[in-house]
Amino acid sequence: MTLRELERWLILAVAAYHADVHTGLRQSPAARWDIGTEAGVAPPAAAVGADTEPTIAGRT
């Protein structure tokens, strides 16, 4: 598996996870995110990857 294939697989896996209804939320995380942001509630910086994402030299 190439790095590009791994990136694609990971993106699709995360997208599927966020689209599935979770028992504790009784909705999908994506739906909950939308409700919160529409209400003007800013997500914590760590939730959007601020200063937490690893970097690979030469890539942004």
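Residues numbered from 1 in each chain as written. Predicted model: local features only at pLDDT ≥ 70, side-chain atom pairs only at ≥ 80, totals over all residues. Heavy atoms only, no water.

1. Structural notes on the overall build of the protein chain
Within the protein chain, the regular secondary structure consists of two helices and zero strands. Expressed as a percentage of the 60 residues in the protein chain, the buried residues total 10%. Element-wise, carbon and sulfur atoms account for 60% of the exposed surface of the protein chain, whose accessible area totals about 5,300 Å². (Helix = DSSP H or I, 4+ residues; strand = E, 2+ residues; numbered from the N terminus. Buried < 20%, exposed > 50% of the residue type's maximum accessible area, 1.4 Å probe, protein only. Areas by Shrake-Rupley, 256 points an atom, 1.4 Å probe, with all protein chains shown as cover.)

2. Concerning the side chain of Gln27
Inspection of the secondary structure puts Gln27 in the loop between helix 1 (3-19) and helix 2 (29-38). Judged by relative accessible area, which is 19%, Gln27 ranks as buried. If near-sequence neighbours (up to four positions away) are discounted, Gln27 is found in contact with Asp20, Val21, His22, Arg32 and Ile35. (Contact = heavy atoms within 4.5 Å.)

3. Section: the side chain of His22
Looking at the element boundaries, His22 is found in the loop between helix 1 and helix 2. The buried category is assigned to His22, whose relative accessible area is 19%. With residues near it in sequence (within four places) discarded, His22 still touches Tyr17, Gln27 and Pro29.

4. Concerning unusual backbone geometry
With phi around 60°, Arg26 is a residue other than glycine that occupies positive phi space. Relative to the helices and strands, Arg26 is located in the loop between helix 1 and helix 2. Judged by its relative accessible area of 75%, Arg26 falls in the exposed class.

5. A few points about the environment of His18
Here His18 shows up in helix 1. The spacing of His18 and Ala30 is twelve residues in sequence and 5.3 Å in space, taken between C-alpha atoms. Non-local contacts of His18, meaning those with residues more than four positions away in its chain, are made with Ser28, Pro29 and Ala30.

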